[in-house]
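What follows is each chain in one-letter form.
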Amino acid sequence: MKMIDAHIHFSNIGSFKETAKNLSLVDYSSYGLQQEMKNGNIQLAIGMGVTETPQMGFPDHHAVSPMGLDLEEELPPKVAVCPGINPYHLNQSGLDALEKELQKSEVVGIKIYLGYYPYYAYDAVYQPVYDLAAAYRVPVVFHTGDTYSERGLLKYSHPLTLDEVAVMRRDVNFMMAHLGDPWVLTGAEVVYKNRNMFADLSGWVVGTKEELDAKSKGNFLDHIRHAITFCDHYEKLLFGSDWPLAPIKDYANFIGDLIPSKHVEDVFYQNAIRLFPKIEKMM
């Protein structure tokens, strides 16, 4: 089956490199990504832009906005981009730079890192970003739920805070990364309620196939099974691996066990094309 991975990373971030080396054991490089995409029959992957500087490390207040995919000089084939936003640099030059990025064929959305930066999704600082998203007809992806840094502030990444922006900005489609885990039932309600809110199913487990297999047993996934069933909008759920946090093919199998067979093609392929219309020209 053909698949689209709607959430990967390809940035020069220290924590990603450490995770790849010590936890997921993936080859975090262009070659490694291309091999995993080939083995997993991934037709296209969408990279979430994020960068860090020596002064701080991610979440980095000094990073230039928009943030890109800077692991290597060139992007691997069939990788689209959602530039990341640093709200501390959302002056006119930052917005002009974002608009310039949105004019590129490989730029298919925008990423906002709730929790990593101390602003709510509905904050005024992000309104010009939503204006650009509406003008260029691209979705905005939000990090939600647990943060991959202890410096994150969880109150800003709670999925309930996305309800307000979804209502305020009906002219923009949004994707809630990670379904707000661990508050996935709340995340499911926000997706269920709002026609312009989607969610990806990425980042729920960090590690190898063995770790994924272990988490599939017992009650670890009970809250997620409940949330997916409650949401019951499989046309708005997207597969994402959060690579390099886990091997792509193994994570796809892990998610596939949670999706009814009649909805698998939507979750793993068609929904991404619907939400990110620019990717169709890249296939």
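Heads up: the structure comes first, above all this text.
Residues numbered from 1 in each chain as written. Predicted model: local features only at pLDDT ≥ 70, side-chain atom pairs only at ≥ 80, totals over all residues. Heavy atoms only, no water.

*Asks:* How would you explain the sheet that holds strand S7 (residues 174-177) if you had to name every residue and give the values?
*Replies:* A sheet is described by the order of its strands in space; here 6 strands give the open sequence S4-S5-S6-S7-S8-S9, paired in parallel fashion. Each edge of the open sheet carries a strand with a single partner, namely strand S4 (84-85) and strand S9 (237-238). Here 4 bridges tie strand S6 (residues 140-143) to S7, and the two strands are oriented parallel to one another. In the sheet register, Val141 faces S7, and the bridge partner there is Met175. (Pairing = 2+ DSSP bridges. Helix = DSSP H or I, 4+ residues; strand = E, 2+ residues; numbered from the N terminus.)

*Asks:* Residues and numbers for the layout of surface pockets, please.
*Replies:* In this structure, the largest pocket occupies an estimated 450 Å³ of space. Around the largest pocket, the lining is made up of 28 residues, and of these Tyr116, Asp146, Thr147, Tyr148 and Leu245 lie nearest the centre. Here the residues of the lining of the largest pocket sort into 12 nonpolar, 11 polar and 5 charged. Lining the second largest pocket are 13 residues, and of these Met67, Gly68, Leu69, Val81 and Glu101 sit closest to its centre. Across the lining of the second largest pocket, the residue classes tally to 8 nonpolar, 2 polar and 3 charged. (1 Å grid on protein atoms, 1.4 Å probe; cavity = no way out; pocket = protein on both sides within 12 Å on 5 of 7 lines; lining within 4 Å. Points joined across faces, edges and corners; volume = space filled by probe spheres on them. Nonpolar A, V, L, I, M, F, W, Y, C, P; charged D, E, K, R; others polar.)

*Asks:* Tell me about the sheet that holds strand S3 (residues 79-82), and please be specific about residues and values.
*Replies:* Here we have 3 strands laid out as an open sheet, ordered S1-S2-S3, and parallel in their pairing. Of all strands in the sheet, those with a lone pairing partner are strand S1 (3-8) and S3, marking the two edges. Adjacent strand axes in the sheet meet at a mean angle of 20° when their direction is disregarded. The sheet contact formed by strand S2 (residues 42-48) and S3 spans 4 bridges and is parallel. Bridge pairing links Met48 to Cys82 in S3. Against the sheet, helix H10 (residues 264-275) contacts S1 and S2, and its axis sits at roughly 70° relative to S1. (Axes fitted to C-alpha atoms, helices over the stretch in contact; angles between N-to-C directions. Contact = heavy atoms within 4.5 Å.)

*Asks:* With reference to specific residues and values, describe the pairing of S1.
*Replies:* Burial of S1 is extensive: 6 of the 6 residues sit out of reach of the surface. Note that S1 and S2 share 4 bridges and pair parallel. Across the sheet, residue Asp5 finds its bridge partner in S2, namely Ala45. (Buried < 20%, exposed > 50% of the residue type's maximum accessible area, 1.4 Å probe, protein only.)

*Asks:* Explain the packing of aromatic side chains to me, and be specific about the residues and the numbers.
*Replies:* Aromatic ring pairs are described here by two measures, namely the spacing of the ring centres and the angle between the planes. Tallying each qualifying case throughout the model produces 19 aromatic pairs. Ring geometry for Phe58 against Tyr113: centres 5.3 Å apart, planes inclined by 75°, an arrangement best described as edge-to-face. Highlighted residues: Phe58 in the loop between S2 and S3 and Tyr113 in the loop between strand S5 (110-112) and helix H4 (127-136), separated in sequence by 55 residues. Taking the relative accessible area as the measure of exposure, Phe58 reaches 15% and is therefore buried. (Phe/Tyr/Trp six-rings, centres within 6.5 Å; stacked < 30°, edge-to-face > 60°.)

*Asks:* I'd like to hear about the environment of Asn173, residue by residue, with values.
*Replies:* In this structure, Asn173 sits in the loop between helix H5 (162-168) and S7. Spatially, the C-alpha atoms of Asn173 and Phe276 are 9.4 Å apart, while their sequence positions differ by 103 residues. Apart from the residues lying within four places of it in its own chain, the contact partners of Asn173 are Pro139, Val140, Asn196, Phe198 and Leu275.

*Asks:* Talk me through a nonpolar patch on the surface; I want residue IDs and the actual numbers.
*Replies:* Taken together, the side chains of Leu185, Tyr192 and Phe230 define a hydrophobic patch exposed on the protein surface, amounting to about 290 Å² of accessible area. Of note, Phe230 is situated in helix H8 (residues 222-231). The class for Phe230 is partly exposed, based on a relative accessible area of 38%. (Patch = residues over 30% accessible without salt bridge, like charges linked within 9 Å, V, L, I, M, F, W, Y side chains within 5 Å. Areas by Shrake-Rupley, 256 points an atom, 1.4 Å probe, with all protein chains shown as cover. Salt bridge = Lys/Arg side-chain N within 4 Å of Asp/Glu carboxyl O.)

*Asks:* Summarise the packing of helix H6 (residues 184-193) against H8; cite the residues concerned and give the values.
*Replies:* Each pair of packed helices gets described by two things: the angle between the helix axes and the distance between those axes. Look at H6 against H8: their axes get within 8 Å of each other, and the N-to-C directions meet at 15°. Judged by the angle between their axes, H6 and H8 are roughly parallel. Seen from above, H6 lies across H8 with right-handed handedness. Facing H6, whose interface residues are Val184, Leu185, Ala188, Glu189, Val191 and Tyr192, H8 presents His223, Ile224, His226, Ala227, Phe230 and Cys231. Class assignment of the residues belonging to the contact of H6 with H8 gives a composition of 9 nonpolar, 2 polar and 1 charged. (Parallel < 35°, antiparallel > 145°, perpendicular 65-115°, else oblique. Left-handed = near helix turned anticlockwise from the far one by under 90°.)

*Asks:* Run through the packing of helix H7 (residues 209-216) against helix H9 (residues 248-256), naming residues and quoting values.
*Replies:* At a minimum axis separation of 9 Å, H7 and H9 run at an interaxial angle of 10°. When the axis of H7 is compared with that of H9, the two are roughly parallel. Here Lys209, Leu212, Lys215 and Ser216 of H7 come into contact with H9, specifically with Asp250, Tyr251 and Phe254. When the residues that make up the contact of H7 with H9 are grouped by side-chain class, the tally is 3 nonpolar, 1 polar and 3 charged.

*Asks:* Just give me the short version of the pattern of salt bridges, but keep the residues and values in it.
*Replies:* Counted under the stated rule, the structure contains 8 salt bridges. Among the salt bridges present, the one from Asp163 reaches Lys193, with a minimum N-O distance of 2.8 Å. In this pair, Asp163 is assigned in helix H5 and Lys193 in helix H6, connecting sequence segments 30 residues apart. Between Lys215 and Glu211 there is a salt bridge, and its shortest N-O distance comes to 3.9 Å. With Lys215 and Glu211 both in helix H7 and 4 residues apart, the pair spans about one turn of that helix. Taking relative accessible area as the criterion, Lys215 reaches 25% and is therefore assigned partly exposed. Residues joined in a network through salt bridges with shared partners are Asp131, Arg169 and Asp171.

Fair warning: the whole summary comes from geometry, so function is off the table for now.
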